[in-house]
Amino acid sequence: MHKTLDEVKVDLGDCKRCTLCETRTNLVFGVGNPNAEVMFIGEAPGKQEDLGAEPFIGAAGKYLNSLLELAGLKREEIYIANVLKCRPPENRDPKVDEIEVCSPFLRNQVRAINPEILVTLGNFSTRFILKTDRGITGLRGQVHITGRFSVLPIFHPAAAIYDRSKEPIMEADFKLLGRLIEKRREERAQRANDSGQDN
Ligand code: SF4
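Residues numbered from 1 in each chain as written. Predicted model: local features only at pLDDT ≥ 70, side-chain atom pairs only at ≥ 80, totals over all residues. Heavy atoms only, no water.

Undergrad: Quick question: what am I supposed to make of the packing of helix 1 (residues 5-12) against helix 4 (residues 96-113) here?
TA: When two helices pack together, their arrangement is captured by the angle between the axes and the distance separating the axes. Remark: helix 1 packs on helix 4, axes separated minimally by 9 Å, with the N-to-C direction vectors making an angle of 165 degrees. By the angle between their axes, helix 1 is roughly antiparallel relative to helix 4. Crossing geometry of helix 1 relative to helix 4 is assigned as right-handed. Seen from helix 1, the contacting residues are Leu5, Val8, Asp11 and Leu12; seen from helix 4, they are Phe105, Asn108, Gln109, Ala112 and Ile113. (Axes fitted to C-alpha atoms, helices over the stretch in contact; angles between N-to-C directions. Helix = DSSP H or I, 4+ residues; strand = E, 2+ residues; numbered from the N terminus. Parallel < 35°, antiparallel > 145°, perpendicular 65-115°, else oblique. Left-handed = near helix turned anticlockwise from the far one by under 90°. Contact = heavy atoms within 4.5 Å.)

Undergrad: In this structure, what is going on with the nonpolar core? I would like to understand it.
TA: Counting 28 residues, the largest nonpolar core has Met39, Ile41, Tyr79, Leu106, Val110 and Leu118 as the members making the most contacts within it. For this core, the secondary-structure elements that each account for two or more residues are helix 1, strand 2 (38-42), strand 3 (79-82), helix 4, helix 5 (123-130) and strand 6 (149-154). By residue number, the principal contributor to this core is helix 4, which donates six residues. Leave out the neighbours within four places in its chain, and Ile41 touches Ala81, Val83, Leu106, Val110, Leu118, Val119, Thr120, Leu121, Ser125 and Ile129. Core analysis: the second largest hydrophobic core is formed by 26 residues, Ala60, Leu68, Val119 and Leu177 among them. (Core = buried A, V, L, I, M, F, W, Y, C linked by side-chain atoms within 4.5 Å. Buried < 20%, exposed > 50% of the residue type's maximum accessible area, 1.4 Å probe, protein only.)

Spelled out as structure tokens, the structure:
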């Protein structure tokens, strides 16, 4: 039996399992629809997220909200969380030991939500979910299957704000996400139809 999101939150508590607890303002658990069809996974909170205790509320979050429309999604329909729940100082890259100690909570969040599609934003979450050393540039733009999940790696929105030449790629990838959602919904409807005919 999987834990509920509330139980995962209680397990995490006022976590001091790694040194990031010493520099964070807030632990950023995750937010959104607990029954989401699509779960987005980022890297770690940034400055605004650390202050606001919510993922993707800074400039990258605003950009993400506009991209969601291209996939036919509203922010309240999705769930969004990060691999690390606390901000690394100066937004440095997560360390291996930090990912190791924090990631079981993300795993339990994924199990609790049980989405159909995981969208991994950037290198760290993509490598973690796909268990690969390959970089996001070679992995984005394709749907990967891991277990029962369809995984769509996309550049981190912050990377596209920094490098505007990535914007058309971001737009293409969110349109691809929209098509993937449609496909999964059609497959679900077909399965329901088939099982109805069997009865
Ligand atoms: S990053 Fe994760 S493991 Fe480290 S203190 Fe924060 S919640 Fe705990």
